[in-house]
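# Secondary and tertiary structure notes
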Amino acid sequence: MRALRPHHLVHLLMPLAIVLAFAWAPAADILGETSRIIYFHVPVAWISVLAFAVAGVCAVLYLRGAHDPLREARFHNSMLIGSYAALLATVSGSMWARLMWGSYWNWDPRETSIVALLLGCVAYLALRAALETNPSRGRISAAYLVVAMTAMPFFVFVVPRIYPSLHPDPLINPDLKIRLDGEMRAALLCSAVAFTLLYLYIFSIMQRISRITITLEERAHEE
Amino acid sequence: MLRATRAHIRKDFTVEFRSRFAVSVAAAFAAITTLSVSLAAGGAPLAPLVHAILYWIIVFFSAMSGLAHIFTREEEEGTSLLLRLVAPPEAVFTAKLVFNCAMLFALAVIITPLYLFFLNVGLPGPGFLALAASGTFAIAASSTVLAAIVARAGGKAALFTVISFPVLLPVLWICISTTSTILLGADADVAGSALFLLAFSGALVAVSYMLFEHIWSEE
């Protein structure tokens, strides 16, 4: 039997987050029941940023240390999870935008930032595909990730502060404070923790799969 | 190191201007796109925002058509292996960076008057010229390391655009919005935009120097 790890708490926290989001937290004034999407849209947007940040850090560590395939799998797997999270954040945000702002897409600075993240993912995956047979694939794709990570803060933090945003002030404001009711804040924090654990859980499963794949490839190579 | 860098700069300019392939293709690309935009517009007046978008899209795609050549040429002609053995990576990167910046400046010098002439845009002030200079520098400086990546990935031209676009989006966004404000005749914050572009270029060039050895050297 495998030892329990902190990320296994996701089995408890995710159902709790869903119950809190739909049954315990009150609907926001003016926004109504649609505001409950905040408990899913914000956490997936958060884990997309977290996954990219982890991928960036892992890419730097890979370039500085030994270039072994398992360390390469670390940043690649985090990028894959980040891509799906960015896609989910875009879709959930777009659904909410249709209800709140009247159209699915408004080129709000944050919408533009997430599109840039998605384009970054597409570019990274295209580069990986082009380097399929190159023995330096790990180093070159890690280097591209570091370049992209250097450019991303200019998007995610600088541009939305230069241009006015349609995004609601309670979560996105220059003071970096959550201006929500106590119950809504608790539900949001619970959901954010649950999604972070979900990211760690999926990441650990993908790393295990990568370890098996690498071992099998090495065995095939030896034979 | 300084001597090696100077020698590489001289070599890159000599080799490129011997065939003039990249420069002439990129210049022809820039002229053709500007002319086709003018032809399609048919003299119809365009909004300042549309002018800003078209101008920077032409600059961006002209850069994409020519900037990768400086690295792909080394791979195609088989000279990269010798360069890896005899030259320090920093000297190679500096030479390519200087060449790409000079080339995109030259392209901007062709594109800007052509655009102003064929699309009936009035003569812009020094603010626009300062923005165009810092924008072209930002595009050239940030995409040089990406050109090295593309050369290692088989020199696929389409891949250069795909991997450069997400990285250069902040540059294009700032350039387009500030150019549009300038063309509207409003009070644009050119100094702030130029500072943003220079900060962006500085960050990318610093990271490029740190990464170049990993991209350039063989496994």
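The structure this text deals with has already been given above.
Presented here is a report on the structure given in the accompanying data block. Residue positions are given per chain, counting from 1 as you read along its sequence in written order. Chains and ligands are labelled sequentially in the order written, the chains with letters from A and the ligands with numbers from 1. Under the rules for a predicted model, residues below a pLDDT of 70 receive no local features and side-chain atom pairs below 80 are neither given nor counted, while totals for whole chains, interfaces and linings still include all residues. Note: side-chain values were computed over all heavy atoms of the structure, leaving out hydrogens and water.

This part is about the environment of Tyr144 of chain A. With respect to the helices and strands, Tyr144 of chain A occurs in helix H5 (residues 137-162). Considering only alpha carbons, one finds Tyr144 of chain A and Ala123 of chain A, 21 residues apart in sequence, at a separation of 9.3 Å. Numbering of helices and strands starts at the N terminus; helices are DSSP runs of H or I of at least 4 residues and strands are runs of E of at least 2.

A separate point is the nonpolar core. Nonpolar cores were defined as sets of buried Ala, Val, Leu, Ile, Met, Phe, Trp, Tyr and Cys residues, with membership established by side-chain atoms within 4.5 Å. Three exposure classes are used, based on accessible area relative to the maximum for each residue type with a 1.4 Å probe and protein chains only: buried under 20%, partly exposed in between, and exposed over 50%. In terms of nonpolar packing, the biggest core is built from 124 residues, with Phe75 and Tyr144 of chain A together with Phe71, Ile139, Leu146 and Ile163 of chain B touching the most fellow members. Ranked by residue count, the leading element in this core is helix H7 (residues 126-152) of chain B, at 14 residues. Residue contacts for Ile163 of chain B: discarding those within four places in its chain leaves Ala123, Leu127 and Tyr144 of chain A together with Leu146, Ile149 and Val150 of chain B. Any pair of residues with heavy atoms lying within 4.5 Å of one another is described as a contacting pair.

We now examine the environment of Ala45 of chain A. Residue and element names in this part refer to chain A. Note that Ala45 resides in helix H2 (residues 38-64). Using a relative accessible area of 22% as the deciding quantity, one classes Ala45 as partly exposed. A sequence separation of 54 residues divides Ala45 from Leu99, and the C-alpha atoms of the two residues are 19 Å apart.

All names here are of chain A. Candidates for patches are residues over 30% relative accessible area with no salt bridge; among them, like charges are joined within 9 Å and nonpolar side chains (Val, Leu, Ile, Met, Phe, Trp, Tyr) within 5 Å. Surface accessibility in these figures is a Shrake-Rupley result with a 1.4 Å probe; residues are shielded only by whichever protein chains are displayed. We define a salt bridge as a side-chain nitrogen of Lys or Arg found within 4 Å of a carboxyl oxygen belonging to Asp or Glu. The positive count covers Lys and Arg only, the negative count covers Asp and Glu only, and His and the chain ends enter neither. A single reference atom marks each charge: NZ on Lys, CZ on Arg, CG on Asp, CD on Glu. On the surface, Arg5, Arg74, Arg208 and Arg211 cluster together into a positively charged patch. By secondary structure assignment, the location of Arg5 is in the segment before helix H1 (10-24). Residue Arg5 is classed as partly exposed on the basis of its relative accessible area, which comes to 47%.

So, on to the packing of aromatic side chains. Between rings of Phe, Tyr and Trp, where Trp is taken as its six-membered ring, a pair exists when centres lie within 6.5 Å; planes separated by under 30 degrees are stacked, by over 60 edge-to-face, and by other angles tilted. For the coordinates displayed, the defined rule picks out 16 aromatic pairs over all chains. Centroid distance Tyr55 of chain B to Trp56 of chain B: 5.2 Å. Interplanar angle 85 degrees. Geometry classified as edge-to-face. Taken individually, Tyr55 of chain B and Trp56 of chain B each receive the classification buried, so the pair is uniform in this respect. The interplanar angle of 80 degrees and the centroid separation of 5.0 Å between the aromatic rings of Phe60 of chain B and Phe61 of chain B together place this pair among those described as edge-to-face. For Phe60 of chain B, a relative accessible area of 0% translates into the label buried. Overall, the relative accessible area of 34% leaves Phe61 of chain B in the partly exposed class. Three or more aromatic residues joined by ring pairs form one cluster here, namely Phe71, Phe93, Tyr209, Phe212 and Trp216 of chain B. In this scheme, the term charge over a ring applies when either NZ of a lysine or CZ of an arginine sits within 6 Å of the ring centre and within 35 degrees of the ring normal. Between Arg98 of chain A and the ring centre of Tyr104 of chain A, over which it is positioned, the NZ or CZ distance is 5.4 Å.

Residue and element names in this part refer to chain A. In this fold, Ser83 is placed in helix H3 (residues 69-100). With a relative accessible area of 14%, Ser83 lands in the buried category. Reaching out from Ser83, the side chain makes a polar contact with the backbone oxygen of Met79 at a distance of 2.7 Å. Identification of polar contacts relies on pairs of N or O atoms within 3.5 Å, with a donor-acceptor requirement for protein atoms, meaning one able to donate a hydrogen and the other able to accept it, and with residues adjacent in sequence counted only if both atoms are side-chain atoms.

Our focus in this paragraph is the interface of chain A and chain B. Taken residue by residue, the interface counts 30 residues in chain A and 30 residues in chain B. Together chain A and chain B conceal approximately 2700 Å² of surface at their shared face, both sides included; 79% is due to carbon and sulfur atoms. Area buried by chain A at its contact with chain B is led by Arg139, Val147 and Phe154 of chain A, which between them contribute 22% of it. Run the count over chain A and chain B and you get zero salt bridges. Those elements that provide at least two residues to the side of chain A that touches chain B are helix H4 (109-130) and H5 of chain A. Ranked by residues supplied to the side of chain A that touches chain B, first place goes to H5 of chain A with 14 residues. Here the side of chain A that touches chain B is composed, by residue class, of 23 nonpolar, six polar and one charged. Here the quantity called buried area is the total loss of accessible area, with a 1.4 Å probe, experienced by two parts when brought into contact, counted for both. Residue classes follow a fixed rule: Ala, Val, Leu, Ile, Met, Phe, Trp, Tyr, Cys and Pro count as nonpolar, while Asp, Glu, Lys and Arg count as charged, and any other residue, Gly among them, counts as polar.

A separate point is a negative patch on the surface. All names here are of chain A. Taken together, Glu217, Glu218, Glu222 and Glu223 make up a surface patch of like negative charges. Mapped onto the elements, Glu222 comes out in helix H6 (residues 182-222). For Glu222, a relative accessible area of 68% translates into the label exposed.

Before going further, it helps to examine the packing of H4 of chain A against helix H8 (residues 157-184) of chain B. Angles here are taken between N-to-C directions and fall from 0 to 180 degrees, while the axes themselves are lines fitted to C-alpha atoms, restricted in helices to the stretch in contact. Close contact between H4 of chain A and H8 of chain B brings their axes to 8 Å; oriented N to C, the two are set at 155 degrees. With respect to H8 of chain B, the element H4 of chain A is oriented roughly antiparallel. Note on packing geometry: the crossing formed by H4 of chain A with H8 of chain B is left-handed. Along the contact surface, H4 of chain A presents Pro109, Thr112, Ala116, Leu119, Gly120, Ala123, Ala126, Leu127 and Ala130 of chain A, while H8 of chain B presents Leu159, Val162, Ile163, Phe165, Pro166, Leu169 and Trp173 of chain B. Here roughly perpendicular refers to angles of 65 to 115 degrees, roughly parallel to angles under 35, roughly antiparallel to angles over 145, and oblique to all remaining angles. A crossing counts as left-handed when the near helix is turned anticlockwise from the far one by less than a right angle, and as right-handed when that turn is clockwise.

Here we take up the pattern of salt bridges. Taken as a whole, this structure holds nine salt bridges over all chains when the rule is applied. Here Arg137 of chain A and Glu72 of chain A are joined by a salt bridge, their closest N and O atoms 3.9 Å apart. Linking Arg137 of chain A in helix H5 with Glu72 of chain A in helix H3, this pair joins segments that are 65 residues apart in sequence. Relative accessible area serves as the criterion here: at 22%, Arg137 of chain A is assigned to the partly exposed category. With relative accessibility at 13%, the residue Glu72 of chain A sits in the buried group. Close ionic contact of Arg73 of chain B with Glu74 of chain B constitutes a salt bridge, the shortest N to O distance being 3.7 Å.

Residue and element names in this part refer to chain B. A rise of 1.5 Å per residue sets the reference length of helix H1 (residues 2-19), with its 18 residues, at 26 Å; its end C-alpha atoms lie 26 Å apart and thus fit the reference within 8%. Within the span of H1, buried status applies to Thr5, His8, Asp12 and Glu16. Along the axis of H1, the buried positions cluster into a sector of 60 degrees, meaning they face one direction only. Exposed residues on H1 whose side chains face more than 90 degrees from its buried face are Arg3, Arg10 and Arg18. Elements in contact with the buried residues of H1: helix H2 (21-41), helix H4 (69-76), helix H5 (80-86) and helix H6 (89-118). At the C-terminal side of H1, Arg20 shows a positive phi close to 55 degrees. How far a helix is expected to stretch is found by multiplying one less than its residue total by 1.5 Å. Taking the helix axis as origin, the arc is that swept by the directions to the C-beta atoms.

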